[in-house]
Amino acid sequence: QVQLVESGGGLVQPGGSLRLSCAASGNLFSINVMSWYRQAPGKQRGLVADISSGGITNYADSVEGRLTSARDNAKNTVYLQMNSLKPEDTAVYYCKCIERNQDYWGQGTQVTVSS
């Protein structure tokens, strides 16, 4: 079993910044890729970023250049630094991992970008 705990969401004005954190605990032996997803109201959940255990990150086209993900294997934590935020970034953000062929999801954290 893996537990994912997210933090860092909140309300921010357009152009502002937030940093999300996702800490993993439990059986972490086989975790390879950890990911960030988001789901806006009325839309499907979509991939934001994948970050491998080697630190290689792939970003969705809509966020590349504004959002940066990093992984601290020693702390079993991934981060999502979000800059130049836009109203369309408003969504519930989820972290996810795959461990021994099982998907694990965090509870989600709300990010609201509004003036």
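Provided above is the structure to which this section pertains.
Residues numbered from 1 in each chain as written. Predicted model: local features only at pLDDT ≥ 70, side-chain atom pairs only at ≥ 80, totals over all residues. Heavy atoms only, no water.

Peer 1: Tell me about the nonpolar core, and please be specific about residues and values.
Peer 2: Within the largest apolar cluster, 28 residues are counted, with the highest numbers of intra-cluster contacts made by Leu4, Met34, Trp36, Val48, Leu80, Met82 and Tyr93. Among the elements of the structure, β1 (2-7), β3 (18-26), β4 (34-39), β5 (46-51), β8 (77-82), β9 (91-99) and β11 (109-113) are those that each provide at least two residues to this core. With residues near it in sequence (within four places) discarded, valine 48 still touches Trp36, Tyr37, Arg38, Asn58, Tyr59, Ala60, Val63, Leu67, Leu80 and Tyr93. (Core = buried A, V, L, I, M, F, W, Y, C linked by side-chain atoms within 4.5 Å. Buried < 20%, exposed > 50% of the residue type's maximum accessible area, 1.4 Å probe, protein only. Helix = DSSP H or I, 4+ residues; strand = E, 2+ residues; numbered from the N terminus. Contact = heavy atoms within 4.5 Å.)

Peer 1: I'd like a description of the side chain of arginine 38, backed by residues and values.
Peer 2: Relative to the elements of secondary structure, arginine 38 occurs in strand β4. Here the side chain of arginine 38 touches tyrosine 93 through a polar contact of 2.9 Å, side chain to side chain. Not counting the four nearest positions on each side in its chain, arginine 38 is found in contact with Gln44, Arg45, Gly46, Val48, Ser62, Val63, Glu88, Asp89, Ala91, Val92 and Tyr93. (Polar contact = N/O pair within 3.5 Å; in protein donor to acceptor, adjacent residues only side chain to side chain.)

Peer 1: Can you break down the pattern of salt bridges residue by residue, with the values?
Peer 2: Across all of its chains, the model carries 3 salt bridges by this definition. Across the pair arginine 38 and aspartate 89 runs a salt bridge whose closest N-O atoms are separated by 2.9 Å. Here arginine 38 is found in strand β4, whereas its partner aspartate 89 is found in the loop between β8 and β9, with 51 residues between them in sequence. Like aspartate 89, arginine 38 is buried. In this structure, arginine 100 and glutamate 99 form a salt bridge, with 3.0 Å as the shortest nitrogen-oxygen distance. Each of Arg38, Arg66 and Asp89 takes part in salt bridges that share partners, so that together they form one network. (Salt bridge = Lys/Arg side-chain N within 4 Å of Asp/Glu carboxyl O.)

Peer 1: If you had to explain the pairing of β9 to someone new, which residues and values would you point to?
Peer 2: For β9, the tally of buried residues reaches 7 of 9 residues, placing the bulk of the element in the interior. Judged from the 6 bridges that link them, β4 and β9 form a sheet pairing that is antiparallel. Bridge assignment links tryptophan 36 to a residue of β9, and that residue is cysteine 95. Two elements, β9 and strand β10 (residues 102-105), share 4 bridges in a ladder whose sense is antiparallel. Bridging across to β10, lysine 96 finds its partner in tryptophan 105. In textbook terms, the turn of a hairpin is the stretch between consecutive antiparallel strands, and for β9 and β10 this stretch comprises 2 residues, one of which, arginine 100, has a positive phi near 50°. (Pairing = 2+ DSSP bridges.)

Peer 1: Give me the environment of serine 21: which residues, what numbers.
Peer 2: Mapping serine 21 onto the fold places it in strand β3. Those residues in contact with serine 21 that sit more than four places away from it in its chain are Val5, Glu6, Ser7, Trp36, Thr77, Val78 and Tyr79.

Peer 1: Account for the state of the cysteines, with residues named and values stated.
Peer 2: Applying the stated criterion across every chain, the model contains 1 disulfide. In this model, cysteine 22 is linked to cysteine 95 through a disulfide, with the two sulfur atoms separated by 2.0 Å. Negative torsions about the S-S bond denote left-handed disulfides, and the value of about 60° found for cysteine 22 with cysteine 95 makes this one right-handed. One end of the pair, cysteine 22, is in strand β3; the other, cysteine 95, is in strand β9, with 73 residues separating them in the sequence. Cysteine 95 carries the same exposure label as cysteine 22, and that label is buried. As a non-bridged cysteine, cysteine 97 has cysteine 22 as the owner of its nearest cysteine sulfur, 7.6 Å distant. (Disulfide = S-S within 2.5 Å.)

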